[in-house]
Amino acid sequence: MALTISSASFLISSFFISLCLFFSLEKGLALQAKQTHESTQSHRSQLRTYTVQLTSLLPASSCSPSSIVPNNEATLKVVHKHGPCSQLQAKPDHAQILQQDQTRVNSIHSRLSGKSVAATAAIDDDNPRYQKDSTTLPAKSGAVVSSGNYIVTVGLGTPKTDLSLIFDTGSDITWTQCKPCAKSCYNQKETIFDPSKSTSYANVSCNSAECSQLKSATGITPGCSSGTSTCIYGIQYGDQSFSVGYFGKERLTLSSSAVIENVLFGCGQNNQGLFGGSAGLLGLGRNKLSIVEQTAQKYNRYFSYCLPSSSSTGYLTLGKDGRASRSVKYTPLTTIPNGASFYGLQVLGISVGGKTLSISASIFQSAGTIIDSGTVITRLPPTAYGALSSEFQKQMSSLGYPKASALSILDTCYDLSGYRSVTIPTISFSFGGGATVDLDSTGILYASKISQVCLAFAANGDDGDVALFGNVQQKRLQVIYDIGGGKIGFGRGGC
Ligand SMILES: *[C@@H]1O[C@H](CO)[C@@H](O)[C@H](O)[C@H]1NC(C)=O
């Protein structure tokens, strides 16, 4: 059909008219959502939604500690590294946090694929006294980067030094920077631990079984100091940050009534990387050298935590805490091929706003899923992420929210300027063993600023890459690791 000039101009003008109509309609819908958010649930009875205050999505300036604290002696307070409850007060640069998070995920994927290249790192190669004190670090991969971002404070030594450590279920070795910092220590907020001032410190010998165990925990063959035959550990994280030093034993104080003797840890003499002012790392992985395994006699391979929103406090508890209520849902703990240190989960499906996404269960099964306290954003097989993102976008657009540009790895973002509250679809995960878990309302969005609030999920590069259940999605849930019982539990409103 030929197009005459007059009908073309008619088409153009009607295009503009419908464009204007479209925008006013969008505005109307948005206003309606803004003004009547409380009744949104009943208007759209087919959708399950949360209504959240926008202020709760943005960084708070003051700390409001949670009143929910487990009834257990071995309980540590957990705070977000960047939040007002942290002493470290690291400044959040969201693009950088998300970039580091991607580096961690890449290093997990490359570790599981078994790729690494070796290079030697010494305690201090410039100083003749330490030149021979070295171990060989892989130039790539190794352990995962500790972008972590949840912090606990423990006491080390006698008398004890209080140290803020990143807590990490994705790695095993606990280490802290140690004096004399023979080669290098990065800036940390607290006083650096000095083993020569502690009456309970002892070096671990190179010939010991504990020293040999390092290889399976770090992927790195331990070294041996020429003078004292002290075992030398090395751990390399995915972003090229590392810690090398003497492997020692110390008294670890969790609370006045929970003191553990002879805990094996790394006394770091050469430390470099992005540890955000923390004193080191607390490893809660599945290797024999992790804190969970080292305290197995006392706490029975059982721990739980709640990761708080950034302006509140949560907890990390070793041993049963008596709070595991009937509302906790359990799913079998699985293992990850080539990733013996990781805690595996079976994800079966995801629903958005109560609507189950049509994703074949085999997509999740072939990749497997790690639950990780150190990964920020949950990573899904691209096929699953695509289904999640498009359903989320569909429901958000029906609620009238305008889209915004992508933020680093997050591509589903909204401009919520001018809103005081926002109504968002619920997201729930179904796990093996029949456990269905609703994420908390704080576990769905990641906000850098009010004009850029994003769905806090991202896609892996390939459906075959292992998926990761990250710390944003675990927020405010009570997460229970019953390793002896072979299960992981999730409860609502943990902190
Ligand atoms: C531990 O070994 C290192 C390296 O040989 C040595 O400098 C340090 O004095 C030893 N510490 C103790 C308490 O034996």
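By the naming in an unreviewed UniProt entry, the protein chain is Aspartic peptidase, taken from Parasponia andersonii. One UniProt comment on the protein chain, placed under Sequence similarities (unreviewed entry), says "Belongs to the peptidase A1 family."

Student: Can you tell me about the site of the ligand, naming the residues and giving the values?
Tutor: Among the seven residues in the neighbourhood of the ligand, the closest are listed as Asn-203, Ser-225, Thr-228, Thr-230 and Tyr-246. Between the ligand and Thr-230, the relevant distance is 3.0 Å, taken from an oxygen atom to a side-chain nitrogen or oxygen of the residue. When the free accessible area of the ligand is taken as 360 Å², the share hidden by the protein chains comes to 56%. The class makeup of the residues in the shell around the ligand is two nonpolar, four polar and one charged.

Student: Describe the confidence of the model for the protein chain, naming the residues involved and giving the relevant values.
Tutor: Looking at the protein chain as a whole, its pLDDT mean stands at 85, while 82% of the residues score no less than 70. Note on residues 1-43: pLDDT is under 50 here. Beyond four places in sequence and across chains, it has 19 contacts. Here residues 139-146 is a poorly scored stretch, pLDDT under 50, and it has 46 contacts once near neighbours within four places are set aside; other chains count.

Student: How would you summarise the pattern of salt bridges if you had to cite specific residues and measurements?
Tutor: All chains considered together, the criterion is met by 12 salt bridges. The salt bridge partner of Arg-379 is Asp-101, with a shortest N-O separation of 2.8 Å. With Arg-379 in strand β22 (residues 378-380) and Asp-101 in helix α3 (residues 94-112), this pair connects stretches of sequence that are 278 residues apart. Take Asp-101: its relative accessible area is 0%, and that puts it in the buried class. Between Glu-261 and Arg-251 there is a salt bridge; the shortest N-O distance is 3.0 Å. Taken together, the residues span a long stretch of sequence, with Glu-261 in strand β12 (residues 258-272) and Arg-251 in strand β11 (residues 242-255) at a distance of 10 residues. Because the salt bridges share partners, they merge into one network encompassing Arg-104, Asp-168 and Asp-372.

Student: Outline the sheet that holds strand β24 (residues 413-414), supporting the account with residue identities and numerical values.
Tutor: Pairing in this open sheet of four strands is antiparallel, and the strands run β23-β24-β29-β28 from one edge to the other. The sheet is open, and its two borders are formed by β23 (403-404) and β28 (445-449), each paired with just one other strand.

Student: Can you explain the state of the cysteines? Please cite residues and give values.
Tutor: On inspection of all chains with the given rule, the structure shows seven disulfides. Across the disulfide from Cys-178 sits Cys-267; the S-S distance is 2.0 Å. Note on the Cys-178 and Cys-267 pair: the S-S dihedral is about -95°, so by sign convention the disulfide is left-handed. Of this pair, Cys-178 sits in the loop between β7 (175-177) and β8 (202-203) while Cys-267 sits in strand β12, placing them 89 residues apart in sequence. The pair Cys-178 / Cys-267 is uniform in exposure class, with both members buried. Disulfide pairing is shown between Cys-413 and Cys-454; the S-S distance is 2.1 Å. Linking Cys-413 and Cys-454, the disulfide has an S-S dihedral of approximately 100° and is accordingly described as right-handed. Placement of the pair is Cys-413 in strand β24 and Cys-454 in strand β29 (residues 452-455), with a sequence separation of 41 residues. Both residues of the pair, Cys-413 and Cys-454, count as buried.

Student: Please provide a residue-by-residue account of the sheet that holds strand β26 (residues 427-431), values included.
Tutor: Strand order in the open sheet formed by four strands is β20-β19-β26-β27, with antiparallel pairing between adjacent strands. Of all the strands in the sheet, the pair left with one neighbour each is β20 (355-356) and β27 (435-438). Here strand β19 (residues 347-352) runs beside β20; their pairing, made up of two bridges, is antiparallel. When the sheet's bridge partners are listed, Ser-351 is paired in β20 with Thr-356. Docked against the sheet, helix α8 (residues 382-398) engages β19, β20 and β26, running at close to 15° with respect to β19.

Student: Tell me about the side chain of Thr-375, and please be specific about residues and values.
Tutor: Looking at the element boundaries, Thr-375 is found in the loop between β21 (369-371) and β22. Within polar-contact distance, the side chain of Thr-375 engages the side chain of Asp-372 at 2.6 Å. Setting aside chain neighbours within four positions, we find Thr-375 in contact with Asp-101, Arg-104, Val-105, Ile-108, Leu-468, Gly-470 and Asn-471.

Student: Account for helix α4 (residues 209-218), with residues named and values stated.
Tutor: Owing to its 3.6 residues per turn, the α-helix brings residues three or four apart onto one side. When we look at burial in α4, the residues that qualify are Cys-211, Leu-214, Ala-217 and Thr-218. End-on, the buried residues of α4 take up no more than an arc of 100°, which puts them together on one face. Looking at the packing, one finds that the buried side of α4 touches α3, β10 (231-236) and β11. Gly-219, located one to two residues past α4, shows a positive phi value of around 80°.

Student: Which residues make up unusual backbone geometry, and what are the values?
Tutor: Following Thr-158, the chain continues into Pro-159 via a peptide bond in cis, with omega recorded as -10°. Topologically, Pro-159 is positioned in the loop between β5 (150-156) and β6 (161-168). The omega torsion across Lys-179 and Pro-180 is 10°, close enough to zero to call that bond cis. In this fold, Pro-180 is placed in the loop between β7 and β8. The phi angle at Asn-300 is positive, at roughly 60°, despite the residue not being glycine.

How each quantity is defined
- Every chain begins its residue count from 1, and numbering advances along the sequence as written.
- Note on the predicted model: pLDDT of at least 70 is required for a residue's local features to be given, and 80 or more for side-chain atom pairs to be given and counted; whole-chain, interface and lining totals, by contrast, use all residues.
- Remark: hydrogens and water are excluded; side-chain values derive from all non-hydrogen atoms of the structure.
- UniProt positions are given in the numbering used here, feature names are shortened, and annotations may be inferred rather than shown by experiment.
- Near, as used in this document, describes a residue that has one of its heavy atoms within 4 Å of the molecule or strand being considered.
- Any pair of N or O atoms that falls within 3.5 Å is considered a polar contact. Within protein, one atom must be able to donate a hydrogen and the other to accept it, and sequence-neighbouring residues count only if both atoms are side-chain atoms.
- Using the Shrake-Rupley algorithm and a 1.4 Å probe, accessible areas are obtained, with residue cover drawn only from the displayed protein chains.
- Each residue gets one of three labels, nonpolar for Ala, Val, Leu, Ile, Met, Phe, Trp, Tyr, Cys and Pro, charged for Asp, Glu, Lys and Arg, and polar for the others, Gly among them.
- How sure the predictor is of each residue is captured by pLDDT, a score from 0 to 100.
- Residues are treated as being in contact if the distance between any of their heavy atoms lies within 4.5 Å.
- One side-chain nitrogen of Lys or Arg within 4 Å of one carboxyl oxygen of Asp or Glu is enough to make a salt bridge.
- Secondary structure is summarised from DSSP: a helix means a run of H or I of at least four residues, a strand means a run of E of at least two, and numbering begins at the N terminus for each.
- Residue burial is assigned from relative accessible area. The probe radius is 1.4 Å, only protein chains are included, and a residue is buried under 20% of its type maximum, exposed over 50%, and partly exposed in between.
- What makes two strands pair is DSSP finding at least two bridges between them.
- Only a pair of cysteine sulfur atoms within 2.5 Å qualifies as a disulfide here.
- Think of each axis as a best-fit line through the C-alpha atoms, taken over the contacting stretch in the case of a helix, with angles from 0 to 180 degrees between the N-to-C directions.
- Each direction from the helix axis to a C-beta atom contributes to the arc, which is the arc of those directions.

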